[in-house]
Amino acid sequence: MLELTSPWLLLLLVGAFWLLARVLAWTYTFYNNCRRLQCFPQPPKLNWFFAQLYMVPPTEQGLRKSTQLAANYSHGYMIWFGPITPMIVFCHPDMLRSIINASAAIAPKDVIFYGFLKPWLGDGLLLSAGDKWSRHHRMLTPAFHFNILKPYMKIFTKSTKWERLVTQGHTRLDMFEHVSLMTLDSLQKCVFSFDSNCQDEYIGTILELSALVANRNQQIFLHMDFLYFLTPDGRRFHRACRLVHDFTDAVIQERHRTLPKENIDDFLKAKVKTKTLDFIDVLLLTKDEDGKGLSDEDICAEADTFMFEGHDTTASSLSWILYNLAKHPEYQECCRQEVQELLRDRESKEIEWDDLTQLPFLTMCIKESLRLHPSVTGISRCCTKDIVLPDGRVIPKGVICLISIFGTHHNPSVWPDPEVMNPRRRSPLAFIPFSAGPSPDSFHWNCIGQTFALTEMKVVLALSLLRFRFLPDKEEPRRKPELILRAESGLWLQVEPLRAGPQ
Ligand code: HEM
């Protein structure tokens, strides 16, 4: 028998008290939060357990529901993601600015949903937080300076690959497939100084990973790692991560092989001077203010993050832009005339860096398409302290906030007739495809690759419109938000070559 003074008994008692205290604290916070969240309107629940979990599935129907919710609750609403996880959804610029403007320490990315990506993207910029994020952000930002981006124009120019397909007689193309191959190819050449020929497999695996993550999101029991990785889907996820990591490893090893082993500082200085400091060089060679470089693990995480973020988002945006212009031949023709006018007296039909500002209508069409079809439909944050909204309501500390980029872009109180494409409309504060407007200085979390992406989109679009006409396919695509906004069975368009010379 255990004596009353036995250390084991004491330990057991302390453990039991600690557990009880935790349960009581959690219950108190839970009920307190429930009370404080009552100021946020709530759409009807499906039932008490699943609540609103299945209300917005990652399908066409889900996106329509999202639009309807933004119309009904224009200043945001709350939902229960299962019985114990509340989430506030923001779809109005006045409200979401409070979170998006908060510092990275106050509004870090939420660990539940972003956590699902951890085995794949590691602690790269997208998923890391705190000092690590700031340090890496400082180190990697120079690789996206416009002086570095300028020479990439040539690579973008050469990458419009459907030319070959169309001349081979394919007039009906799944733009998503071909554009993804193109954006991955150009990303590898520009950012990783690498030329590969096994991209199909990589892209197929990214599609699989995206579908698996979207599926897991919807199944609360599988949110726990130890359960998920016991299921066939969990094992598929692990296998797919391995494949993706092998692909990125090959890119890193190849660059390692060609980099000088000595006089690295001189090599870097020369690169900075000639403005050819590639992202991969920054990743492998640069050191922070304390002379510390990145560890092997950090290098892999950043490479995986950029490989995914850098091609899939741009592919989605470009595919939807081509779709929107196919649906609106009048805008397509205006863009084409703008490009023809710009290049009229030039022998070489190439877009130069200074031309990028000379395509105002084309730029407006890109932006309007990013509004209608944002490739990232939502991002989430979990605040480390209470945040007061402009209307006085308070977001309690620890509650997940979903910034619905799609909902904001389709909120009729900001964008009248939100489903209509109108390139001339403007509402900069409610336009957040890259997470927080165009000014990188004033916000903390926006996309490091946005200038790269916009440049590539302008070049590829301008040159494609010069050579081809895009027409809608017979069947309307059904949208599918799986990490990135995709289309259910591909995004098919008819592509017609244009005769040379002015049309
Ligand atoms: C049209 C194309 C693109 C769109 C719509 C887009 C959108 C976004 C959004 C919404 C975020 C914020 C994610 C969050 O806060 O949770 C983000 C972050 C990020 N994007 Fe992009 N992106 C695009 C292209 C690119 C490209 C081309 C690259 C790299 C070459 C890139 C690299 C990144 C990285 C590394 C982050 C994490 C940044 C950080 O948290 O510091 N993106 N992007």
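Note that the structure is predicted; figures quoted are calculated from it, not measured.

Cut-off values and rules
Residues numbered from 1 in each chain as written. Predicted model: local features only at pLDDT ≥ 70, side-chain atom pairs only at ≥ 80, totals over all residues. Heavy atoms only, no water. Donors = N, O, S within 2.8 Å, 3.2 Å for Na, K, Ca; no water. Helix = DSSP H or I, 4+ residues; strand = E, 2+ residues; numbered from the N terminus. Core = buried A, V, L, I, M, F, W, Y, C linked by side-chain atoms within 4.5 Å. Buried < 20%, exposed > 50% of the residue type's maximum accessible area, 1.4 Å probe, protein only. Pairing = 2+ DSSP bridges. Axes fitted to C-alpha atoms, helices over the stretch in contact; angles between N-to-C directions. Left-handed = near helix turned anticlockwise from the far one by under 90°. Contact = heavy atoms within 4.5 Å. Nonpolar A, V, L, I, M, F, W, Y, C, P; charged D, E, K, R; others polar. UniProt positions renumbered as here; feature names shortened; annotations may be inferred. pLDDT = per-residue confidence, 0-100. Phe/Tyr/Trp six-rings, centres within 6.5 Å; stacked < 30°, edge-to-face > 60°. Near = heavy atom within 4 Å. Polar contact = N/O pair within 3.5 Å; in protein donor to acceptor, adjacent residues only side chain to side chain. Parallel < 35°, antiparallel > 145°, perpendicular 65-115°, else oblique. Expected span 1.5 Å × (residues − 1).

**A few points about the coordination of the iron atom of the ligand**
Protein coordination of the iron atom of the ligand rests on one atom only, Cys447 (SG), at 2.3 Å. Within the secondary structure, Cys447 sits in the loop between α19 (405–409) and α20 (450–467).

**Re the nonpolar core**
Grouped together as the largest cluster of nonpolar side chains are 150 residues, with contacts concentrated most on Trp120 and Phe192. For this core, the element with the highest residue contribution is helix α16 (residues 296–327), accounting for 13 residues.

**Overview of the environment of His238**
Mapped onto the secondary structure, His238 falls in helix α13 (residues 232–258). In this structure the C-alpha to C-alpha distance between His238 and Leu209, which are 29 residues apart in sequence, comes to 9.3 Å.

**Focus: the sheet that holds strand β3 (residues 172–174)**
Across a sheet, paired strands are connected by hydrogen bonds in the backbone, their directions being either parallel or antiparallel. Judged by pairing direction, the sheet is antiparallel, and its 3 strands sit side by side in the order β3-β11-β8 without closing on themselves. Looking at which strands have only one partner, the edges of the open sheet turn out to be β3 and β8 (468–472). Recorded for the sheet is a direction-independent mean angle of 40° between the axes of neighbouring strands. In the sheet, β8 pairs with strand β11 (residues 492–497) via 5 bridges, with the strands oriented antiparallel.

**Focus: the packing of α16 against α20**
Contact geometry for α16 and α20: axes closest at 10 Å, N-to-C directions at 35°. Between α16 and α20 lies a crossing of right-handed hand. Contacts between α16 and α20 involve Thr314, Ser317, Leu318, Ile321, Leu322 and Leu325 from the first element and Ala453, Glu456, Met457, Val460, Leu461 and Leu465 from the second. Per-class residue counts for the contact of α16 with α20 are 9 nonpolar, 2 polar and 1 charged.

**Some remarks on the UniProt feature "binding site: heme" (unreviewed entry) in the chain**
Those places that UniProt annotates as "binding site: heme" (unreviewed entry) correspond, in this numbering, to Cys447. Under the relative-accessibility criterion, Cys447 is labelled partly exposed at 27%.

**Remarks on the confidence of the model for the chain**
Of the residues in the chain, 94% reach a pLDDT of 70 or more, and the chain-wide mean stands at 88. Low pLDDT (under 50) marks residues 437–443, which in the prediction has 12 contacts with non-local residues, meaning those over four places away or in another chain.

**With respect to the sheet that holds strand β1 (residues 77–80)**
One open sheet holds the 4 strands; their spatial order is β1-β2-β7-β4, and the pairing between them is mixed. Strands with a single pairing partner mark the edges of an open sheet, and in this sheet they are β1 and β4 (378–382). Neighbour-to-neighbour, the strand axes of the sheet open up by a mean angle of 30°, direction not taken into account. Seen against the sheet, helix α3 (residues 93–100) touches β2 (86–90), β4 and β7 (400–404) and runs at an angle of roughly 125° to β7.

**Brief notes about the packing of aromatic side chains**
One pass over the structure, following the stated rule, counts 24 aromatic pairs. When the centroid spacing of 4.3 Å and the interplanar angle of 25° are considered together, the rings of Tyr202 and Phe247 count as stacked. One end of the pair, Tyr202, is in helix α11 (residues 199–217); the other, Phe247, is in helix α13, and 45 residues separate them in sequence. In this structure Tyr202 comes out as buried when scored by relative accessible area, which is 2%. Seen in terms of ring centroids, Trp320 and Tyr323 are 5.4 Å apart; in terms of plane orientation they differ by 90°. Their pairing is edge-to-face.

**A short note on the site of the ligand**
Within the structure, the ligand sits among 28 residues, and Lys109, Tyr114, Trp133, Arg381 and Cys447 are positioned closest to it. Between the ligand and Trp133, the relevant distance is 2.8 Å, taken from an oxygen atom to a side-chain nitrogen or oxygen of the residue. Glu309 is positioned with one of its side-chain polar atoms (N or O) 3.1 Å from a nitrogen atom of the ligand. Counting only elements with at least two residues in the shell around the ligand, the list comes to α6 (130–140), α16, β4 and α20. Within the shell around the ligand, the residues separate by chemical class into 17 nonpolar, 8 polar and 3 charged.

**Quick notes on the packing of helix α10 (residues 175–191) against α20**
Interhelical geometry of α10 versus α20 gives an angle of 125° and a closest axis separation of 12 Å. Judged by the angle between their axes, α10 and α20 are oblique. Judged by the sense of rotation from one axis to the other, the crossing of α10 with α20 is right-handed. Residues Met182, Thr183, Ser186, Leu187, Cys190 and Val191 of α10 form the contact with α20, whose participating residues are Phe452, Glu456 and Val460. Residue composition of the contact of α10 with α20, grouped by class: 6 nonpolar, 2 polar and 1 charged.

**Describing helix α17 (residues 329–343)**
An α-helix turns once per 3.6 residues; consequently, residues spaced three or four apart project the same way. In this model α17 runs 21 Å from its N-terminal to its C-terminal C-alpha over 15 residues, within 8% of the 21 Å that 1.5 Å per residue would give. For α17, the complete set of buried residues consists of Tyr331, Gln332, Cys335, Arg336, Glu338, Val339, Gln340, Leu342 and Leu343. Contacts made by the buried residues of α17 are with α16, α18 (360–372), α20 and β8.

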